[in-house]
Amino acid sequence: MRVVRWPIAHGRSKLEHSTRIQATMSRISFPTSETMDEHQRRVHDKVVSGRRGKIVGPLRAALHSPELADRWQALGEFLRYNTSLTPRLSELAILVTGRACQSPFEWYAHRAEAEKLGIEAPIIDALLVQSMPVGLTDDESTIIQFATELNRFRSVSDATYAQALERFGERTVVELTALVGYYTMVAMTLNAHEIPLPEGVAPAFPLPQRSLS
């Protein structure tokens, strides 16, 4: 399989230490129990009673449009919990996407999920500096390569697509593509509205807008 080489940063500690602390205020308000209308409340209660158990991250902003939030939470629940990908493979694809989209919140949240699943620290650290990890299984390297190319080029090479199709089959390749697309939307929402990290948590890298003039 042809491997697309990633630009290598100078290591995790230097990257993190050079990052400015993210603002603690979002660019927009979040609906609260006092301000929600009946449609927002219905979606809120559906999410809280489901597998997520709470509303965090982009859904806090999406609740401003309850119809959007309702469809969003249903798609997100399927892609996160019910595809034919294993949780480990899903989290690897999400980490690649969060880093490629330069989304500190997405990276923070899914690094924690990856650690819960036992994904090894050297693998996570390599993805942080956008390097292909060593010691991967064939399934893992295929997932990472597919997600890397899809994020970078908005498509994948013939060789990478054929490799994924051979290893996983058509259903999983379709779901993997949708997973990357969904978490790109999540990352853009988190970034554009500046959904804050938990208090006291420093971002692993800056928001994209921090480099804009």
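Look up: the structure comes first, before these words.
Residues numbered from 1 in each chain as written. Predicted model: local features only at pLDDT ≥ 70, side-chain atom pairs only at ≥ 80, totals over all residues. Heavy atoms only, no water.

**Examining the pattern of salt bridges**
Put simply, the test is: Note on definitions: salt bridges are taken to be side-chain nitrogens of Lys or Arg within 4 Å of carboxyl oxygens of Asp or Glu. Going along the chain from the N terminus, every DSSP run of H or I of four or more residues is numbered as a helix, and every run of E of two or more is numbered as a strand.
Under the criterion given, the structure shown has 13 salt bridges. Here E120 and R88 are joined by a salt bridge, their closest N and O atoms 2.7 Å apart. One end of the pair, E120, is in the loop between α6 (104-116) and α7 (121-128); the other, R88, is in helix α5 (residues 87-100), and 32 residues separate them in sequence. One salt-bridge network, held together by shared partners, links R27, E194 and R210.

**Looking at the packing of α5 against helix α8 (residues 138-153)**
Here is the rule: Helix axes use the C-alpha atoms of the stretch in contact, all axes being lines fitted to C-alpha atoms, and the angles between their N-to-C directions lie in the range 0 to 180 degrees. Should an angle fall under 35 degrees it is taken as roughly parallel, and over 145 as roughly antiparallel, whereas 65 to 115 is taken as roughly perpendicular and any remaining angle as oblique. Each crossing gets its hand from how the near helix is turned against the far one by less than a right angle, where anticlockwise is left-handed and clockwise is right-handed. Two residues form a contact once any of their heavy atoms are found within 4.5 Å.
Running from N to C, α5 and α8 point in directions that differ by 30°, and their axes come no closer than 9 Å. As far as their axial angle goes, α8 and α5 are roughly parallel. Where α5 crosses over α8, the two elements pack in a sense that is right-handed. Contacts between α5 and α8 pair R88, L89, L92, A93, V96, T97 and A100 from the former with D139, E140, I143, I144, A147, T148 and N151 from the latter.

**Details of α8**
What counts is decided by this rule: Helices are assigned an expected span. That span is 1.5 Å times one less than the residue count. Exposed residues in this analysis have more than 50% of their type's maximum accessible area, buried residues have under 20%, and partly exposed residues fall in between, with area computed by a 1.4 Å probe over protein chains only.
If you check α8, its first and last C-alpha atoms are 22 Å apart, about what 16 residues at 1.5 Å a residue would give, namely 22 Å. Within α8, burial applies to E140, S141, T142, I143, I144, Q145, F146, A147, T148, E149, L150 and N151. Elements that come into contact with the buried residues of α8 comprise α5, α7, α9 (158-168) and α10 (170-192).

**Quick word on the side chain of E106**
Quick reminder of the rule: Charge assignment: positive for Lys and Arg, negative for Asp and Glu; neither His nor the chain ends contribute. Counting of polar contacts relies on pairs of N or O atoms within 3.5 Å, with two restrictions inside protein: one atom must be capable of donating a hydrogen and the other of accepting it, and residues adjacent in sequence are counted only when both atoms are side-chain atoms.
Mapped onto the elements of the fold, E106 is located in helix α6. It is R80 that comes nearest to the buried, bridge-free E106 among opposite-charge side chains, at 9.5 Å. Within the local environment of E106, its side chain forms a polar contact with the backbone nitrogen of G98, the two atoms lying 3.3 Å apart. Once you skip the residues sitting within four places of it in the chain, E106 turns out to touch I94, T97, G98, Y183, V186, A187 and L190.

**Description of the packing of α5 against α10**
Going by this rule: Throughout, the ten residues Ala, Val, Leu, Ile, Met, Phe, Trp, Tyr, Cys and Pro are labelled nonpolar, Asp, Glu, Lys and Arg are labelled charged, and all others, Gly among them, are labelled polar.
The N-to-C vectors of α5 and α10 enclose an angle of 40°; their axes lie 9 Å apart at closest approach. Considering their axes alone, α5 and α10 lie oblique with respect to each other. The interaxial crossing formed by α5 with α10 has right-handed handedness. Here α5 contributes S90, A93, I94 and T97 to the contact with α10, which in turn contributes L176, L179, V180, Y183 and T184. The residue makeup of the contact of α5 with α10, split by class, is 6 nonpolar, 3 polar and no charged.

**Some remarks on α7**
Counting along an α-helix, one turn takes 3.6 residues, and residues three or four places apart therefore face a common direction. Those residues of α7 lying buried are I123, I124, A126, L127 and L128. In the stretch just after α7, Q130 is the one whose phi turns positive, near 60°.

**Some points on the packing of aromatic side chains**
Where we set the bar: Aromatic rings from Phe, Tyr and Trp, with only the six-membered ring used for Trp, were paired whenever their centres fell within 6.5 Å, and each pair was classed as stacked if the ring planes differed by under 30 degrees, edge-to-face if by over 60, and tilted otherwise. Geometrically, a charge over a ring is one whose NZ (Lys) or CZ (Arg) sits within 6 Å of the ring centre while staying within 35 degrees of the ring normal.
Overall, the coordinates contain 5 aromatic pairs when judged by the stated rule. On the basis of an interplanar angle of 75° and a centroid distance of 6.4 Å, the ring pair of W72 and Y182 is categorised as edge-to-face. On the criterion of sequence distance, the pair formed by W72 in helix α4 (residues 66-81) and Y182 in helix α10 is long-range, its members being 110 residues apart. With a relative accessible area of 6%, W72 lands in the buried category. According to the relative accessible area criterion, Y182 is buried, its value standing at 7%. Where F146 meets Y161, the ring centres are 6.3 Å apart and the plane angle is 40°; that geometry is what we call tilted. Separated by 15 residues along the polypeptide, F146 in helix α8 and Y161 in helix α9 bring together distant segments of the chain. With relative accessibility at 37%, the residue Y161 sits in the partly exposed group. An aromatic cluster of three or more residues is present, and its members are W72, Y182 and Y183. The side chain of R99 reaches across the aromatic face of F205, ending 4.2 Å from its centre.

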